[in-house]
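A structural walkthrough
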Amino acid sequence: MRLFVVVVCVAVATALDPEWEDFKRRYGKRYESLSEENARHSIFEENNRMVKQHNEEAATGKHTFFMRINKFSDLTNEERQQLLMGAGLLQYNTNPPEDKIFKPSPDLKVNDTVDWREKGAVTEVKNQKQCGSCWAFSATGSLEGQHFLKTGELVSLSEQNLVDCSRSAGNKGCDGGLMDQAFVYIKDNGGIDTEECYPYKAENHKCHYNANCSGATVRSYHHIFPPHDEKALLRAAGSVGPISVSIDATWGSFFHYSHGVYDEPKCSSTHLDHGVLVVGYGSTNGSDYWLVKNSWGKEWGMEGYIMMSRNKHNQCGIATAAVYPVV
């Protein structure tokens, strides 16, 4: 009887937390048992405390960005990593062949501010859901941009095509992959289907590429070299178009990002686990930033985007493994 009373008290306490109840309603959270809900509630409370403390400090100018509670707030960091980023770290090429390197002319000059969305080279924000396919969304994003800049036609391309069909190039579907390997597959395959023809399922399926539905092709790809060089990335992002990049997105601050210029001093420049898309750059309130498109839906961040710190020693490794397709 004593154990029963304790369980009931915990359940009542959970129900009396209005922020927890609002969180469950907003994100449609359902749990299989009372013990699981109690565990999730504890995780939520910890994340909620972190977000509130950070935002109080940000309001006084201690931080350049704000956070908020979102659909990830009842998950541990390990669960978030497993859920969204596939297995293991992204293995980047530190010594690409000469013909795979971006080589701008010595007199190339780029604008102080660039936003490829304004030029029509970026599709709507997408959502990878419960599949470690960030690499596929990053790859399609840069190819969508290059295809538009060459043809004038913005076509949403199929991430599911890459998830299902690019294992021959070394990718692992929902368990992770690399953007340059996606470009290798598209080149060897002779194209990639459109999103409309080959819609996203967020699961591994049997490949059913249809050449009649091809929306874009790839001739080659170029790495931004040398790695870790933000000036080289700036020249590419300012002249070429949207660029595929890999970052360290390990931190709870990244998962809970809301708005402002993301600055996480603990970020690694070599521990890369998430593929995203640089679609521009600029400066605001004295902070330089990269404008980055994520693949976690419009409800995350700034309607699916994040401003990441620029000129801060390659923070989060944003310039470490940058690559784009040649069409």
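Residues numbered from 1 in each chain as written. Predicted model: local features only at pLDDT ≥ 70, side-chain atom pairs only at ≥ 80, totals over all residues. Heavy atoms only, no water.

As recorded by an unreviewed UniProt entry, the protein carries the name Cathepsin L1-like and is attributed to Branchiostoma belcheri.

1. Observations concerning the overall build of the protein
Helices and strands together make up the secondary structure of the protein, namely nine helices and 11 strands. The dimensions of the protein, computed from C-alpha atoms along their principal axes, are 75 × 50 × 35 Å. A separation of at least 24 residues holds for 74% of the contacts in the protein among residues at least 6 apart in sequence. Total accessible area on the protein is roughly 15200 Å²; 51% of this is exposed by carbon and sulfur atoms. Charge-centre separation for the protein: the mean point of 34 positive side chains lies 1 Å from the mean point of 41 negative side chains. (Helix = DSSP H or I, 4+ residues; strand = E, 2+ residues; numbered from the N terminus. Contact = heavy atoms within 4.5 Å. Areas by Shrake-Rupley, 256 points an atom, 1.4 Å probe, with all protein chains shown as cover. Lys, Arg positive; Asp, Glu negative; His and termini not counted. Charge placed at Lys NZ, Arg CZ, Asp CG, Glu CD.)

2. Some details on the domain arrangement of the protein
Partitioning the protein into domains gives domain 1 (18–66) and domain 2 (77–326). The centre of domain 1, based on its C-alpha atoms, is set 29 Å off from the matching centre of domain 2. Contacts between the two partners involve seven residues from domain 1 and, on the opposite side, 13 residues from domain 2. Its largest share of buried area at the contact with domain 2, domain 1 owes to Thr 64, Phe 65 and Phe 66, together 63% of the area lost on that side. (Domains from an automatic or database assignment. Buried area = accessible area lost by both parts, 1.4 Å probe.)

3. Here's the deal with the state of the cysteines
Using the criterion set out here, one finds four disulfides in the structure. Residue Cys 165 pairs covalently with Cys 207 via a disulfide, S to S 2.1 Å. Judged by the sign of its S-S torsion, about 100 degrees, the cystine formed by Cys 165 and Cys 207 is right-handed. Pair noted here: Cys 165 is in helix H6 (residues 159–165) and Cys 207 is in the loop between strand E3 (192–193) and strand E4 (214–216), with a separation of 42 residues, a long-range link. Residue Cys 165 is classed as buried on the basis of its relative accessible area, which comes to 9%. Owing to a relative accessible area of 36%, Cys 207 belongs among the partly exposed residues under this scheme. (Disulfide = S-S within 2.5 Å. Buried < 20%, exposed > 50% of the residue type's maximum accessible area, 1.4 Å probe, protein only.)

4. Some points on the nonpolar core
Counting residues in each nonpolar core, the largest one holds 54 residues, and the members touching the most others are Ile 243, Val 245, Ile 247, Phe 254, Met 308 and Ile 318. It is strand E8 (residues 274–284) that contributes the most residues to this core, five residues altogether. Residues lining this core come from more than one domain, with at least three contributed by each of domain 1 (18–66) and domain 2 (77–326). Those residues in contact with Phe 254 that lie beyond four places of it in its chain are Ile 247, Ala 249, Tyr 262, His 274, Asn 294, Trp 296, Trp 300, Ile 306 and Met 308. Membership of the second largest hydrophobic core comes to 27 residues, among which are Trp 135, Ala 136, Phe 183 and Tyr 185. (Core = buried A, V, L, I, M, F, W, Y, C linked by side-chain atoms within 4.5 Å.)

5. Quick word on the side chain of His 54
With respect to the helices and strands, the residue His 54 is situated in helix H3 (residues 34–59). A relative accessible area of 9% places His 54 in the buried class. Contact partners of His 54, with chain neighbours within four places excluded, come to His 63, Phe 65, Phe 66 and Met 67.

6. Considerations on the packing of helix H2 (residues 18–27) against H3
Two quantities define a packed helix pair, namely the angle between the axes and the distance from one axis to the other. Contact geometry of H2 with H3 gives a least axis separation of 11 Å together with a crossing angle of 105 degrees. Comparing their axes, H3 and H2 come out roughly perpendicular. Contact with H2, carried on its side by Glu 19, Trp 20, Phe 23 and Lys 24, involves Glu 37, Arg 40, His 41, Phe 44, Asn 48 and Lys 52 of H3 and no other residues of that element. Along the lines of polarity and charge, the residues of the contact of H2 with H3 split into three nonpolar, two polar and five charged. (Axes fitted to C-alpha atoms, helices over the stretch in contact; angles between N-to-C directions. Parallel < 35°, antiparallel > 145°, perpendicular 65-115°, else oblique. Nonpolar A, V, L, I, M, F, W, Y, C, P; charged D, E, K, R; others polar.)

7. Focus on the packing of aromatic side chains
Any pair of aromatic rings gets described here by the distance separating the centres and the angle formed by the planes. The final tally for this structure, using the stated rule, is 20 aromatic pairs. Look at Tyr 257 and Tyr 262: their rings are 6.3 Å apart centre to centre, the planes differ by 90 degrees, and that puts the pair in the edge-to-face class. For the pair Tyr 257 and Tyr 262, a shared accessibility class is recorded, and that class is buried. Geometrically, the ring pair formed by Tyr 257 and Trp 300 is tilted, given 5.7 Å between the ring centres and 40 degrees between the ring planes. On the criterion of sequence distance, the pair formed by Tyr 257 in strand E7 (residues 257–262) and Trp 300 in the loop between strand E9 (287–293) and strand E10 (305–309) is long-range, its members being 43 residues apart. Classification of Tyr 257 as buried rests on a relative accessible area of 0%. An aromatic cluster of at least three residues, connected via ring pairs, comprises Phe 65, Phe 72, Phe 254, Phe 255, Tyr 257, Tyr 262, Trp 296 and Trp 300. The cationic tip of Arg 117 hangs over the ring face of Tyr 305; the distance from NZ or CZ to the ring centre is 4.5 Å. Positioned above the aromatic ring of Trp 116, the side-chain terminus of Lys 119 is 5.7 Å from the ring centre. (Phe/Tyr/Trp six-rings, centres within 6.5 Å; stacked < 30°, edge-to-face > 60°. Lys NZ or Arg CZ within 6 Å of the ring centre and 35° of its normal.)

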